[in-house]
Structure formats: structure tokens, C-alpha cells
Amino acid sequence: MARNKGSTKKYADLRKRAEAMMMPKEDIKKPIAPEEARKLIHELHTYQIELELQNEELLRTQQELQKSYHRYTDLYDFAPVGYVTISDKGLILEANLTIADMLTVERRFLIKQPLSKFIFNEDQDIYYQKCRVLLKANEQQTCELRMQKKDGTLFHAQLKSVIILEVDGVSGQYRTVITDISGRKIAEEKLHQAHDKLEQRVIERTKELKTTHDQLVHAEKLSAIGTLAASVAHEFNNPLFGIHNVLGGIKQRASLDEDDRELIDMALLECERIKHLIQDLQDFNRPSSQNLAPMDMHMAINSIIMLLKSIFKTKKITFTKHFAPEMPIIMAVGDQIKQVLLNLLHNAVDAIPKQGGTITLTTEVREKKVAIHIQDSGVGIKQENMARIYEPFYTTKPAVKGTGLGLSVSHGIIKKHRGIIEVHSDEGKGTTFSIIFPIEGEA
């Protein structure tokens, strides 16, 4: 541009010189020499060509600027993020097509509108706080908030704003880059949900592991108690046999009055009772039979129910059974499983102290396991007693009704069948015992 001005000035000066030389003057007596005229014409022609070249260069420069302007406009309008220029009054001065698409509003309707108009009401404070800090600190500010489309649909956006240097004597304008971060927010929300679910699963799994650990500890405790009980029972057998024989001999040989004979009979009966208790203790650790055989569980349950019908009738208990439609034949020690079922049903009957109540027996198949649930409407088990129900000799029944070995023996039998006994009880509402053991397996 400086070169163009200089050349133009030279050309103007040269033209003036030529015109001055060509004008007639009184004091000029000689015409212009041909050589000087040719030189002047050559210079004029040279400068004319130079000016034409410079005009061509200017035209090319103008065309390049026009192309650059279009490229800039395309980059601005079709950028993957929204661009807006905001006045010191918070009004939109410029906006690209991307932000118009984000807000589903034609660009011409964005101009002179406050940007806050398109920000969700609950997030307005975030926007205004960001603007205050921006104008005060004059440093780039970033915030995340929800923006609202024309139809009211919300989307998450990130706003990055910077102050523009003073334009035409006006300060306080700033440019803002708006990015739609809805996808990231959705991913973060899903990540939080997955994290919460994982935490919940960890809590549940930890609880399950603790329960399993407690069951294992309890099972080991019962196993040790069972071994001790069997050992003690064995040691009791010999002296009990001697006492029984001595009392029998006295009864046969001694001359006793009626009262003494009754006392001897009572002592012999107590010996028999102790004998049966010792047998129960031995059964607690070692079931009576070790022979596995195919067993029809429903047939076994029906045979046990026949034995208890009179008891149900006497106590006015309503008994209901719900059998699984396809109960497989299982491998088990039949008499032992019947002993467990009979004991649990007797306990259910005893748990109903008053006249009237309900007992429900349900069977189900769980993949490769069989489950039998016995539910009663009795008094339930107190929470403080739950941990002791499988201990030998522990019972809440009156002395004449139980010895406290039934559940202990049952636990030992089911354990030998690689199964478990579960109990759920609500005090005052009833108890449910569940027997779960594999369909096939070694006892």
C-alpha cells in the first residue's frame, strides 16, 4: 500500500511536469526537444504499466481476503461448538449457526436477546455469578449449567467466556464458547449409578459372606459339641448298664414292700430314659444308617402326615401342603430324613400353645437342590434364643415335652446329607424352618 501511494505521487508529479512543458508560454522561444519529449512519454508509460500491475495485485489480494473471509465464516458458523458475542448488557450481538441449532432458534431471533433467556431458571444464579467473576477478574471463566431449547427441552452445557478488548470505545463485551455436554453428563450419571449398584452389591455380598462365616463357625461348634456329646454318651453307657442290672437284681431277689418296689420300678424307668437320651446323643454325631437309596420325598411326607393327623385334630390345627409339581427322586438315607421331618413337625405343633393354628408344608426344586419349608403360626422364637436352638439339651419347652436334642440331631443328619437348615422367625407371629439339600450326593 505504501508503494502504491508513492508511485501515484510520482505519476502525478510527472503529469504536472508534462502539462507544464506542453503549455505555451511567452518566454519559451524554443520548442521541446524530441529527445526530451520521448523520455517524458517513456516515463509516463512506465508508470502507467506499474500502476496497472499494482492494481492487478490489489485485485488478487482483495480476492484472497474474500476467500479468507468465507473460510472464517464457515469455520465460525459450522464449528462443533456454539459461539456468541455478548454485550456489556448481557445481550447477544453475534451468534453462529451451531448455537442456533442447539437452541432450535433461528439465528436472527437470537440477536439482541439476553443469553440468560435460554438458561434454565434454576441455573440462572450459576450464570450470573460467572459473569460477575469474569468482569471483575478479567480471566477466562468456565461453568456448567442447563440450557433450554425452544420447545422447553433441557440439555447440559459448558460455557467458557473471555473478555474482549475495548471495541469502538465500548468495554465489558465478552465471547462465550458453548459446548453440549449432555452425553458426558449421561455417562457420568450411569457411572454413578453403576458405582452405587456396585457398592450395594459389595455390602450385600459382605453381609452374605458374614452370614456364611457365622454359619460355618456355628457348624464347626456344633460338630465339636456333637463329638463331645457322643464321647460322653459312650462313657455313660457302662455305668448305666451296671446300675440297671443292680436295680433289676434287687427287685428280683430282695423282699420289698409295695413302696420300695415302686421306687425300684421308677429308678428302672429313669434308667431306660437315660438310655434313650444317650442314643439320641450318639445319633446327633452319627446318624443311624449310612445307606443311600432313592427316596420319593412326597411319599415320605404323606406317610409322616398320616402319623400326625390325630394330633392336628386334637389341637385343632389346620394343616396345608403345597407340593412342587415335579419333585425328582433323591438319593438319601430315608429313615434319617423322615426323622428330621417328624421332629420339625412336632416342634411346629408344640409352638402352637393354644387351640387352633396353622401349619403349612411346601416343597420346591431349586436347580440341583430340594427345599422343604415348614411354617407354623405359633409363638415364634425370641431373637436372643436364635443362636442356641441347635445346641444339645437347649430347649424352651417344658421338661416333660422335650430334651433339647431334636434340632441338634436334625442338624447333624442334614449336615451329613451336605445340606443346611435355615430358620426365620417373628416373635408372636410364627416360625419357618427350611431344609435344603442336594438332589444327588453322598451322605
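The structure we're discussing is the one just above.
Residues numbered from 1 in each chain as written. Predicted model: local features only at pLDDT ≥ 70, side-chain atom pairs only at ≥ 80, totals over all residues. Heavy atoms only, no water.

Peer 1: Can you explain the overall build of the protein? Please cite residues and give values.
Peer 2: Helix and strand counts for the protein stand at nine helices and twelve strands. Going through the 443 residues of the protein one by one, you find that 34% of them count as buried. Pairs at least 24 residues apart make up 61% of the contacts formed inside the protein by residues separated by at least 6 positions. As displayed, the protein offers around 29200 Å² of accessible surface, 56% of which is attributable to carbon and sulfur atoms. (Helix = DSSP H or I, 4+ residues; strand = E, 2+ residues; numbered from the N terminus. Buried < 20%, exposed > 50% of the residue type's maximum accessible area, 1.4 Å probe, protein only. Contact = heavy atoms within 4.5 Å. Areas by Shrake-Rupley, 256 points an atom, 1.4 Å probe, with all protein chains shown as cover.)

Peer 1: Describe the sheet that holds strand β11 (residues 420-426), listing the residues and the values that go with them.
Peer 2: If you walk across this open sheet you meet the five strands as β7-β9-β10-β12-β11, and the pairing is mixed. The open sheet has two edge strands, β7 (317-322) and β11, and neither has a second partner. Between one strand axis and the next, the sheet turns by 15° as a mean value, whatever way the strands run. Relative to strand β10 (residues 369-376), strand β9 (residues 357-366) runs antiparallel, the two being bridged by eight bridges. Bridge pairing links Arg366 to Lys369 in β10. The sheet contacts of helix α7 (residues 297-314) involve β7, β9, β10 and β12 (430-438), and relative to β7 the element is tilted by about 170°. Seen against the sheet, helix α8 (residues 334-350) touches β7, β9, β10 and β12 and runs at an angle of roughly 20° to β10. (Pairing = 2+ DSSP bridges. Axes fitted to C-alpha atoms, helices over the stretch in contact; angles between N-to-C directions.)

Peer 1: Can you tell me about the packing of α7 against α8, naming the residues and giving the values?
Peer 2: α8 packs onto α7 with a crossing angle of 35° between their chain directions and a minimal axis gap of 10 Å. As for how α7 packs across α8, the hand of that crossing is right-handed. On the side of α7, the interface is formed by Met297, Ala300, Ile301, Ser303, Ile304, Leu308, Ile311 and Phe312, while α8 contributes Ile337, Lys338, Leu341, Leu342, Leu345, His346 and Val349. Of the residues contributing to the contact of α7 with α8, the split by class is twelve nonpolar, two polar and one charged. (Left-handed = near helix turned anticlockwise from the far one by under 90°. Nonpolar A, V, L, I, M, F, W, Y, C, P; charged D, E, K, R; others polar.)

Peer 1: Residue-level account of the packing of aromatic side chains, with values.
Peer 2: Under the criterion given, the structure shown has two aromatic pairs. For the pair Tyr127 and Tyr128, a centre-to-centre distance of 5.5 Å together with 55° between the ring planes defines the contact as tilted. (Phe/Tyr/Trp six-rings, centres within 6.5 Å; stacked < 30°, edge-to-face > 60°.)

Peer 1: Describe in detail the pattern of salt bridges, supporting the description with residues and values.
Peer 2: As enumerated under the stated definition, the model contains eleven salt bridges in all. For Arg108, the salt bridge goes to Glu106, with nearest N and O atoms at 2.9 Å. Residue Glu106 is classed as partly exposed on the basis of its relative accessible area, which comes to 46%. Here Arg205 ties to Glu208 by a salt bridge, and the two come within 3.2 Å at their closest N and O atoms. Separated by three residues within a single helix, Arg205 and Glu208 lie in helix α5 (residues 182-253), roughly one turn from each other. Sharing partners across several salt bridges, the network here consists of Glu144, Arg184, Lys185 and Glu188. (Salt bridge = Lys/Arg side-chain N within 4 Å of Asp/Glu carboxyl O.)

Peer 1: Lay out the pairing of strand β3 (residues 141-148) with the relevant residues and their values.
Peer 2: The side-chain alternation of β3 yields one buried face, formed by Gln141, Cys143, Leu145 and Met147, and one unburied face, formed by Thr142, Glu144, Arg146 and Gln148. Relative to strand β4 (residues 154-163), β3 is paired through eight bridges, and the arrangement is antiparallel. Bridging across to β4, Leu145 finds its partner in Ala157. From the end of β3 to the start of β4, which pair antiparallel, there are five residues, and Gly152 there has a positive phi angle of about 95°.

Peer 1: Tell me about unusual backbone geometry, residues and numbers included.
Peer 2: For Lys112, which is not a glycine, the phi torsion comes out positive at approximately 70°. Position of Lys112 relative to the elements: it lies in the loop between α3 (97-103) and α4 (124-137). Lys112 sits in the exposed class, given a relative accessible area of 55%.

Peer 1: So, α8: which residues are in play, and what are the values?
Peer 2: An α-helix turns once every 3.6 residues. As a result, residues three or four positions apart point the same way. With 17 residues, α8 should reach 24 Å at 1.5 Å per residue; the first-to-last C-alpha distance of 24 Å fits that figure. Among all positions in α8, only Gln336, Ile337, Val340, Leu341, Asn343, Leu344, Leu345, Asn347, Ala348 and Val349 are buried. (Expected span 1.5 Å × (residues − 1).)

Peer 1: Pulling in residues and values, what's your account of the sheet that holds β3?
Peer 2: Pairing in this open sheet of five strands is antiparallel, and the strands run β2-β1-β5-β4-β3 from one edge to the other. If you trace the sheet from one side to the other, it starts and ends with β2 (92-95) and β3, each paired once. Going from strand to strand, the sheet's axes swing by 30° on average, the running direction of each strand aside. Note: strand β1 (residues 82-86) against β2, three bridges, orientation antiparallel. Each residue of the ladder has a partner; that of Ile86, found in β2, is Ile92.

Peer 1: Just give me the short version of α7, but keep the residues and values in it.
Peer 2: Under the 1.5 Å per step criterion, the end-to-end length of α7 is 26 Å for 18 residues, consistent within 8% with the ideal 26 Å. Taking the largest bend as the criterion, α7 deviates by roughly 50°, centred on Leu308. Those residues of α7 that fall on the buried side of the exposure criterion are Met297, His298, Ala300, Ile301, Ile304, Ile305, Leu308 and Phe312. The opening residue of α7, the one whose side-chain oxygen lies 3.2 Å from the backbone nitrogen of His298, is Asp296. (Bend = angle between axes of the 7 residues up to and from the residue. Polar contact = N/O pair within 3.5 Å; in protein donor to acceptor, adjacent residues only side chain to side chain.)

Peer 1: Kindly report on the pairing of β10, identifying the contributing residues and their values.
Peer 2: Of all eight residues in β10, six are buried, a share of seventy percent or more. Where β10 meets β12, eight bridges bridge the pair, whose relative direction is antiparallel. Considered in β12, the bridge of Asp376 is made with Thr431.

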